[in-house]
Amino acid sequence: MQRTVTRVGVVGWGAIGRTVGQVLAQGRLAGAELTCVVDNRPLHDIPVPQATLEQAIEECDLLVEAAGQSFVREWGTRVLEAGTDLLVASTGALTDDEAAAKLLAAGPGRVYFTGGAVGGIDLLQAARGLGGFRSVRLTTTKLPATLEQPWMDAELLDRMRTATGPVEVMRGTARDVPVKFPRSTNVAATVALAVGDPDRVEVSVVADPAAVRTRHVIEADGDHGSYRFEVDHVPDPGNPATSRIVPHAVLRGLAAITGTAGQIL
Ligand SMILES: NC(=O)C1=CN([C@@H]2O[C@H](COP(=O)(O)OP(=O)(O)OC[C@H]3O[C@@H](n4cnc5c(N)ncnc54)[C@H](O)[C@@H]3O)[C@@H](O)[C@H]2O)C=CC1
Ligand SMILES: O=C([O-])CC(=O)C(=O)O
């Protein structure tokens, strides 16, 4: 049987989008080709034309979102209503119940989410079939500079900048935290998507000057079992808020969507 090739547009040519786009442009993912790139700044040296979002929706079967939470909130529904599929990296956009419900109900395009920087999401989601979890905890530890936010007061910024060890900069739930760290804590929202409840996921965000690797620890406990997933990622050199593995998680998802045989679902 002849498989069709999925025409993919990448929205956001940064740490994630650039790697995803280059792999696609080099023909390294059978069943998918890079058609265009959308970014809100002019790009040079890209392997395909830069397009407007309207053009990309017209030309592509699927858009990979690697731009930011605000793109998902503003344009996600529009993409899906035009019949284009959307693979979302900025899962933090989904912590707003109303926005999430709209996105999940929109179509005929289909929305997908990358597991991104965390593993074990498949099992956390599978456990919903057994009644879910009593408790779910996520601890994210990153370099202090990647966690600085405009809302932080001088005292907290000073503690982060002069820290010689770990400093907890926020404790909350997966509903509160991704809004406060829009470029750094999508994993909290991804865990919430998997367990189906952002209020159930307790999140601790830790700044640590020794965290040359970004650490995410998920601990979940239920009647059916206890789970602990821990990852230590090398950050992207150009954007240390994002781990180098993330575009490859996106590509793995794309391979599954485009029907490459042998994918682990
Ligand atoms: N799900 C996960 O585990 C992870 C998700 N992320 C999220 O993925 C997204 C992309 O991450 P990175 O590639 O590291 O970001 P980046 O900052 O390196 O690149 C973002 C790119 O998107 C462009 N952009 C921003 N807003 C745009 C808009 N409205 N329309 C078009 N282009 C726009 C920027 O000009 C930039 O080129 C971020 O929201 C980030 O927080 C990052 C790491 C892990
Ligand atoms: O890349 C990572 O390790 C995680 C990250 O930035 C996020 O959760 O937004």
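Nothing here was measured: the structure is a model prediction, and the numbers come from that model.

**Quick look at the overall build of the chain**
So, point 1. In terms of helices and strands, the chain carries nine helices and ten strands.
So, point 2. The C-alpha radius of gyration of the chain comes to 18 Å, within 12% of the 18 Å expected for a compact globule of 265 residues.
So, point 3. Over its C-alpha atoms, taken along the principal directions, the chain stretches across nearly 55 × 45 × 35 Å.
So, point 4. The burial tally for the chain puts 51% of its 265 residues in the buried class.
So, point 5. Across the chain, every contact between residues at least 6 apart in sequence was considered, and the portion connecting residues at least 24 apart equals 67%.
So, point 6. Total accessible area on the chain is roughly 12,900 Å²; 50% of this is exposed by carbon and sulfur atoms.

**Remarks on the site of ligand 1**
So, point 1. In the region of ligand 1, 24 residues are neighbours, and Ile 16, Asp 39, Ser 90, Asn 186 and Thr 242 sit closest.
So, point 2. Asp 39 has a polar side-chain atom sitting 2.6 Å from an oxygen atom of ligand 1.
So, point 3. Here an oxygen atom of ligand 1 sits 2.7 Å away from a polar atom, N or O, in the side chain of Asn 186.
So, point 4. Its free accessible area being 860 Å², ligand 1 has 86% of it covered by the protein chains.
So, point 5. When its residues are assigned to classes, the shell around ligand 1 shows twelve nonpolar, nine polar and three charged.
So, point 6. Looking at which domains feed residues into the shell around ligand 1, each of domain 1 (6–116 + 245–257) and domain 2 (121–233) supplies at least three.

**Thoughts on the UniProt feature "domain: Aspartate/homoserine dehydrogenase NAD-binding" (unreviewed entry) in the chain**
So, point 1. Taking the UniProt record as the reference, the feature "domain: Aspartate/homoserine dehydrogenase NAD-binding" (unreviewed entry) is found at residues 12–106.
So, point 2. Structurally, residues 12–106 comprises 42% helix and 16% strand, and the distance from its first C-alpha atom to its last is 22 Å.

**A closer look at the pattern of salt bridges**
So, point 1. Summed over the entire model, instances satisfying the criterion amount to 16 salt bridges.
So, point 2. Between Arg 161 and Glu 148 there is a salt bridge, with its nearest N and O atoms 2.9 Å apart. In this pair, Arg 161 is assigned in helix H6 (residues 154–161) and Glu 148 in the loop between strand E6 (135–142) and H6, connecting sequence segments 13 residues apart.
So, point 3. One salt bridge in this structure joins Arg 215 and Asp 232, with 2.8 Å as the shortest N-O distance. Of this pair, Arg 215 sits in strand E9 (residues 214–222) while Asp 232 sits in strand E10 (residues 225–233); the two residues are 17 residues apart in sequence, bridging distant segments of the chain.

**What about the sheet that holds strand E8 (residues 201–207)?**
So, point 1. Read from one edge of the open sheet, five strands run E7-E8-E6-E9-E10, paired in mixed fashion. Looking at the sheet topology across the chains shown, the edges are occupied by strand E7 (167–173) and E10. Taken over all neighbouring pairs, the strand axes of this sheet differ in orientation by 10° on average, direction set aside.
So, point 2. Pairing between E6 and E9: seven bridges, direction antiparallel. Each residue of the ladder has a partner; that of Val 136, found in E9, is Ala 220.
So, point 3. Sheet strands in contact with helix H8 (residues 186–195) are E6, E8 and E9, and its direction is about 160° off that of E6.

Rules of the game
- Residues numbered from 1 in each chain as written.
- Chains lettered and ligands numbered in written order.
- Predicted model: local features only at pLDDT ≥ 70, side-chain atom pairs only at ≥ 80, totals over all residues.
- Heavy atoms only, no water.
- Helix = DSSP H or I, 4+ residues; strand = E, 2+ residues; numbered from the N terminus.
- Rg over C-alpha atoms; globule rule 2.2 N^0.38 Å.
- Buried < 20%, exposed > 50% of the residue type's maximum accessible area, 1.4 Å probe, protein only.
- Contact = heavy atoms within 4.5 Å.
- Areas by Shrake-Rupley, 256 points an atom, 1.4 Å probe, with all protein chains shown as cover.
- Near = heavy atom within 4 Å.
- Polar contact = N/O pair within 3.5 Å; in protein donor to acceptor, adjacent residues only side chain to side chain.
- Nonpolar A, V, L, I, M, F, W, Y, C, P; charged D, E, K, R; others polar.
- Domains from an automatic or database assignment.
- UniProt positions renumbered as here; feature names shortened; annotations may be inferred.
- Salt bridge = Lys/Arg side-chain N within 4 Å of Asp/Glu carboxyl O.
- Pairing = 2+ DSSP bridges.
- Axes fitted to C-alpha atoms, helices over the stretch in contact; angles between N-to-C directions.

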